[in-house]
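One-letter residues, chain by chain:
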Amino acid sequence: MGKAECISYDDNHVPYIDLGSARIRMEKEQAPDWALQKAQDELRELPGIKEQAIKELRELIQNEKHLTLPLDDEYMMMFLRPCHYYPESALKRLKNFYNMKSKYGIACENIVPSKLKNVFESEILNLLPNRDQHGRRILVLEAGKKWKPSKVPLVDLFRGIQLTVLGSMVEPFSQICGAVVIIDMEGNKARVYCVNGTPVNDPLTHFNVSIAAGLPLSHITQFTPSFAAMLLDYVQECICMRLKAVHIVNNSYIFNMLFAIFKPFIREKLRKRIFFHGKDWKALTSHIDASVLPPKYGGTATWELPPGPLLGEFFDCYSKDYEQADSYGYDEGYKMSKK
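Residues numbered from 1 in each chain as written. Predicted model: local features only at pLDDT ≥ 70, side-chain atom pairs only at ≥ 80, totals over all residues. Heavy atoms only, no water.

*Asks:* Quick question: what am I supposed to make of the overall build of the protein chain here?
*Replies:* Within the protein chain, the regular secondary structure consists of 16 helices and twelve strands. Considering only intrachain contacts with a sequence separation of at least 6, the fraction spanning at least 24 residues in the protein chain is 75%. Here the protein chain displays about 17000 Å² of accessible surface, and carbon together with sulfur accounts for 53% of that area. (Helix = DSSP H or I, 4+ residues; strand = E, 2+ residues; numbered from the N terminus. Contact = heavy atoms within 4.5 Å. Areas by Shrake-Rupley, 256 points an atom, 1.4 Å probe, with all protein chains shown as cover.)

*Asks:* Would you take a moment to explain the sheet that holds strand β7 (residues 179-184) for this structure?
*Replies:* The pairing of strands in a sheet comes from backbone hydrogen bonds and takes either a parallel or an antiparallel form. The five strands are arranged β5-β6-β7-β10-β11 in an open sheet whose pairing can be described as mixed. Both edges of this open sheet fall to β5 (125-127) and β11 (274-278), since each of them pairs with a single strand only. Strand after strand, the sheet turns through a mean of 20 degrees between neighbouring axes, direction not considered. The pairing of β5 with strand β6 (residues 137-142) spans three bridges and is classified as antiparallel. In the sheet register, Leu125 faces β6, and the bridge partner there is Leu141. (Pairing = 2+ DSSP bridges. Axes fitted to C-alpha atoms, helices over the stretch in contact; angles between N-to-C directions.)

*Asks:* Could you clarify how one ought to interpret the pattern of salt bridges in this entry?
*Replies:* For side chains bearing opposite charge, pairing can occur when the charged atoms are close. Across all of its chains, the model carries 20 salt bridges by this definition. The closest approach of N and O atoms between Lys95 and Glu64, which form a salt bridge, is 3.5 Å. Residue Lys95 is located in helix α4 (residues 87-104), and its partner Glu64 is located in the loop between α2 (49-62) and β4 (67-68); the two are separated by 31 residues in the primary sequence. Judged by its relative accessible area of 30%, Lys95 is partly exposed. Each of Glu27, Arg131, Arg137 and Glu171 takes part in a single network of salt bridges with overlapping partners. (Salt bridge = Lys/Arg side-chain N within 4 Å of Asp/Glu carboxyl O. Buried < 20%, exposed > 50% of the residue type's maximum accessible area, 1.4 Å probe, protein only.)

*Asks:* Before we go on, may I ask you to explain the sheet that holds strand β1 (residues 8-9) in this structure?
*Replies:* A sheet is described by the order of its strands in space; here three strands give the open sequence β1-β2-β3, paired in antiparallel fashion. With one partner strand each, in any of the chains shown, β1 and β3 (23-25) form the two edges of the open sheet. Inspection of the sheet shows strand β2 (residues 15-18) paired to β3 by three bridges, in the antiparallel sense. Its bridge partner lying in β3, Tyr16 is registered against Arg25.

*Asks:* Sorry, what's going on with the pairing of β7 here?
*Replies:* Consecutive side chains of a regular strand alternate in pointing toward one face of the sheet and then the other. Across the six residues of β7, six count as buried, placing the element largely inside the fold. The alternating pattern of β7 places Ala179, Val181 and Ile183 and Val180, Ile182 and Asp184 on opposite faces, both of which are buried. Sheet analysis places β6 next to β7, joined by six bridges and oriented parallel. Counterpart to Arg137 in the pairing with β7 is Ala179.

*Asks:* Mind showing me how you'd approach the side chain of Ser122 here?
*Replies:* Along the chain, the position of Ser122 falls in the loop between α5 (117-121) and β5. When residues no more than four places from it in sequence are discounted, the contact partners of Ser122 are Lys146, Lys151 and Val152.

Structure representation (structure tokens):
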């Protein structure tokens, strides 16, 4: 089957992208029984504990004068599940999450599909249709040669990631099982300098060109210390999703050096969940079953991902939900009190 060309709708008028052997859709229905059992075993989602935690978190939010949020059970569970039903922990994470707008400004504002068309048109952000063998959502970020900072500034790329995470946050299945991220750092091919047919070092960089190929300077300069601090704050303190693993593929020597600079600022829990695979697809598929990955990552899936604009159109079907979510958070009085 060729690439999908349009949005389809099921009998309940729920949008999806038909890939032939799989579908990309928002899974807002209740999680399957085995995942609900997992929630009991791992997240303390047990009778008595669950109801009491929802009640306590609702009361804690009501005591936050400047914070406007829905108070229904489903919304409370969205924050309680990643925090194992500890209300105080959920409130802390929730406050950090909604404080990002006032803390980082434009990088965390307008997280709506209509404002991020450039991200999807560049085809650097993909949502795989299948979950992994543990029920986790799989997000693919192509931040190597496909990413053109002149068309998609790093801030927009970050906002695109937030939009995708927000979509997963409302899925009960994802709330329980979490998500994994594949970051593809594939770079441009290196120029090989030869003397009498023998490759030599690049005279400008003094790196062996077969090693130094990868991120161009335009990419490297985007990753400033301030951006790295914001990203780590988001992942480690604010994100309301169980991030189970980050798999980095096609990584170059230069990227590894760049990562080493920021590694000391990554907490041990997250550090243990970051894996570098290069082009070792056997290593990647030892973590993620090959049946849910495309062939370019060593997988055996038969579907072909949709064009980027179509994925953007899919998210746009939920524009009202995203606009509503973007309206939640702290009011101006809170922001002014923090100055």
